[in-house]
Amino acid sequence: MGAAAEQHGLRSGSGGVDRASGGVVVGSDLAIETRGVSREFRTGRGRRAATVVALGSVDLAVPTGEVHGLLGPNGAGKTTLCKVLSTVLLPTRGQAFVAGFDVVRQTDEVRRRMGIVLGGERGLYNRLTARRNLRYWGALFRLSDRDAARRADELLERVGLYDRAEERVETFSRGMKQRLHLARGLIGDPQVLLLDEPTTGMDPVAARDFRTLVGELRGEGRTILLTTHDMVEAEHVCDRVTLIDRGELIATEAPRTLASWISRFERVDVDGADDRLLAEVAAIAGVGRIEHREDGSTRIETTQDGAAAAVLRLIVDADVTGVRTSLPSLEEVYLHIVGDRAMDVHRTIRDDT
Amino acid sequence: MTAFRAAFGFQIAYMRRNRDQLMPLFASPLYTVIFLAITRAAGRDDLSSYAVLAPALIALWAVSLMSAGEVIDSERYEGTLEAVVATPASLGVVMFGRVLAVVVIGCLAFFESWLTAALLFGVVVPIPQPGWFLATLAITVLAMAGTATIMASVFVLARSARTFQNVLSYPVYVLGGVIVPVSLLPAWVQPISRVVFLSWSADLFRDSLGAAPVEAPVGRLGMVLLLGAIGFAVGGWMLRRILARVRETGTLAYA
């Protein structure tokens, strides 16, 4: 455990990440830790005063070297949590640590070790060139002129913008700006990187390159907290994913583990099943919806462990061989847990009047 | 120091694309025409140096006031303010560096005033003591930028600070003895004027334009520096307090 972490009594235990399994190895320190962090905002005045709870009591532990996804709908509290961790927003209650340093009391230590990429097109000086932007941000991270210039060029090369380095940012596409954002987040050579919706606006090729880059950054030992709506992205780049909704953490697991959680929702697709067979299937305990699909097949959804096996046995015993099973994607996990509220903007409002 | 130098250089580059902050420089020749026309009509050619100096000081103060607000506003507009605050650099130092760059460029107002007087009125105001003149200019520029950090901190708190910014213009011109020397103001105003660094600067400028040796220049320059440093310290303190407040209210990005 690092000296800084020891200084604040951070626990070991959740440890580093076993990439092969996506599991957690005990023994390393935590790069990000929150303990009961909540954040409330006051809105309105007088009789219209209300308190909006953006974050409930959030406990999150991200081991050093992990790529951790924060997955949730709009208004779930992802960006609020990023802002608290990046020291620009104080938590209403609780404590948060980055690289072992308190984000409220030790802001300078936190800021020196962290890079942030807040989503959207804003956050860059649009009328200046990409190179000028990065050199300036480098200086704000206390790099010397020479180091800032060298690092800026390295990063421009790395994100594929070297040839456009002398062009004004306002001429860039949204995807190019996102890449420059990422370069800006890395200019201070951070141990911890907060990426808030980093692939917004990127085309598929750029998004694929981004995933490769995240893999490289992980290989360099950096810790990354990535908020995203993109389930595929989370599955591809994250060691673990935390589902967040209405300011509350719902679950933290490896993407594969999350998916296995709803193995009880495993699906059986069958070709050529007649009504009699489907009626028998429907009678099996744990069988949920049975849906006829456009391709002529029938999808049988299960709702409890073991049900899929019973369905399969029944189908095979009926000499129907056109049968397939599939595991849910992380998106389906997400939708099952968050439900049809996924596209809504949530907030919990407590009336103060 | 790195952040300060970077902020200074950044602002110079930024102004090449955003010249709004130098708008007061357009007014400076006009003020020169007005003031020189008045002194000439009054038959007071002996006050020509006052008439030429005042527009330059007005422009300098206007530029520093305006830029202090614009710097924060532009950071918010670009969506960079939160990211700047999240760097290890002190926002106060960054603001000081950026405002100082604007004020240094704002010194062009002196050139404009002198040139306007020469071209339109045939009045060439000599600078018999250029050393003290330049020293006063250098220290005044620092004091301007230092004091302007107070303004910047208020803009971090609220966009409505624009009203406060406007209110600060003319009272400072009067209290700073920019147009009328402090010694000619009512006696009860004079102690208040002496708290305004510009009153010391304006007197020093005028003395350096006169033939007589400048009296106690080091002490008076020290006062300009001290008051500017106090302004910077107060601005820095306010900025820290206000940043703590907006981090608490969550209004840093859109106050």
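Fair warning: this is a prediction, and the values are worked out from it, not measured in the lab. (Residues numbered from 1 in each chain as written. Chains lettered and ligands numbered in written order. Predicted model: local features only at pLDDT ≥ 70, side-chain atom pairs only at ≥ 80, totals over all residues.)

(A) Summary view of the overall build of chain A. Counting its secondary structure elements, chain A contains 12 helices and 17 strands. Expressed as a percentage of the 353 residues in chain A, the buried residues total 45%. (Helix = DSSP H or I, 4+ residues; strand = E, 2+ residues; numbered from the N terminus. Buried ≥ 20, exposed ≤ 12 C-beta atoms within 10 Å, placed from the backbone.)

(B) Inspection of unusual backbone geometry at higher detail. Residues and elements named next belong to chain A. Its identity as a non-glycine residue notwithstanding, D189 has a phi of 50°, on the positive side. You will see that E197, though not glycine, has its phi angle at about 50°, which is positive. Relative to the assigned elements, E197 resides in the loop between β9 (192-196) and α7 (204-219). On the basis of neighbour count, E197 is assigned to the buried category, with 20 C-beta atoms found within 10 Å.

(C) The arrangement of helix α11 (residues 197-208) of chain B in detail. All names here are of chain B. Look at α11: 17 Å from first C-alpha to last across 12 residues, which is about the 16 Å you get at 1.5 Å a residue. For α11, the buried fraction is high: 11 of the 12 residues fall into the buried class. Inspection of α11 places F197, L198, S199, W200, S201, A202, D203, L204, F205, D207 and S208 among the buried residues, and these make up the whole buried set. Its buried side turned inward, α11 meets α3 (48-78), α7 (130-157), α9 (169-175), α10 (190-193) and α12 (217-249). (Expected span 1.5 Å × (residues − 1). Contact = placed C-beta atoms within 7 Å.)

(D) Broad picture of the nonpolar core. Core analysis: the biggest nonpolar cluster contains 153 residues, and A:V98, B:L57, B:V99 and B:A152 have the highest contact counts within it. Among the elements that make up this core, the one with the highest residue count is α3(B) (18 residues). What B:V99 contacts, discounting residues up to four positions off in sequence, is B:S64, B:S67, B:A68, B:V71, B:A145, B:A148, B:T149 and B:A152. With 10 residues, the next largest nonpolar core counts A:V268, A:V281, A:A307 and A:I315 among its residues. (Core = buried A, V, L, I, M, F, W, Y, C linked by C-beta atoms within 7 Å.)

(E) Region of interest: the interface of chain A and chain B. Between chain A and chain B, the residue contacts involve 26 residues of the former and 23 residues of the latter. When residues of the side of chain A that touches chain B are assigned to their parent elements, the largest contribution, four residues, is made by helix α4 (residues 130-140) of chain A. Tallied by class, the residues present in the side of chain A that touches chain B amount to 13 nonpolar, six polar and seven charged. (Nonpolar A, V, L, I, M, F, W, Y, C, P; charged D, E, K, R; others polar.)

(F) Expanded view of the confidence of the model for chain B. Residues and elements named next belong to chain B. Per-residue pLDDT for chain B has a mean of 89; in total, 99% of the residues score no lower than 70. Looking at the elements of chain B, mean pLDDT is at its lowest for helix α8 (residues 161-167), recorded as 75, and at its highest for helix α6 (residues 108-121), recorded as 95. The complex prediction reports pTM at 0.79, with the ipTM value standing at 0.85. (pLDDT = per-residue confidence, 0-100.)

(G) A look at α4(A). Most of α4(A) is tucked away, with 10 of its 11 residues classed as buried. The positive-phi residue at the C-terminal boundary of α4(A) is A:R142, with phi of around 65°.

(H) Representation of the environment of A:I315 within the structure. Residues and elements named next belong to chain A. Along the chain, I315 falls in helix α11 (residues 307-317). For I315, a count of 22 C-beta atoms within 10 Å gives the class buried. Apart from the residues within four sequence positions on either side, I315 is in contact with V270, A273, L277, V320 and V323.

(I) Fine view of the sheet that holds strand β13 (residues 267-270) of chain A. Residues and elements named next belong to chain A. Taken together, four strands build an open sheet; the order of strands is β14-β15-β13-β16 and the sheet is antiparallel. Sheet topology places β14 (287-292) and β16 (323-326) at the edges, where each strand pairs with a single neighbour. Each neighbouring strand pair of the sheet contributes to a mean axis angle of 20°, computed without reference to strand direction. Pairing of β14 with strand β15 (residues 298-302) involves four bridges; the strand directions are antiparallel. Within β15, the position partnered with I290 by the bridge is I300. Sheet strands in contact with helix α10 (residues 275-283) are β14 and β15, and its direction is about 155° off that of β14. (Pairing = 2+ DSSP bridges. Axes fitted to C-alpha atoms, helices over the stretch in contact; angles between N-to-C directions.)

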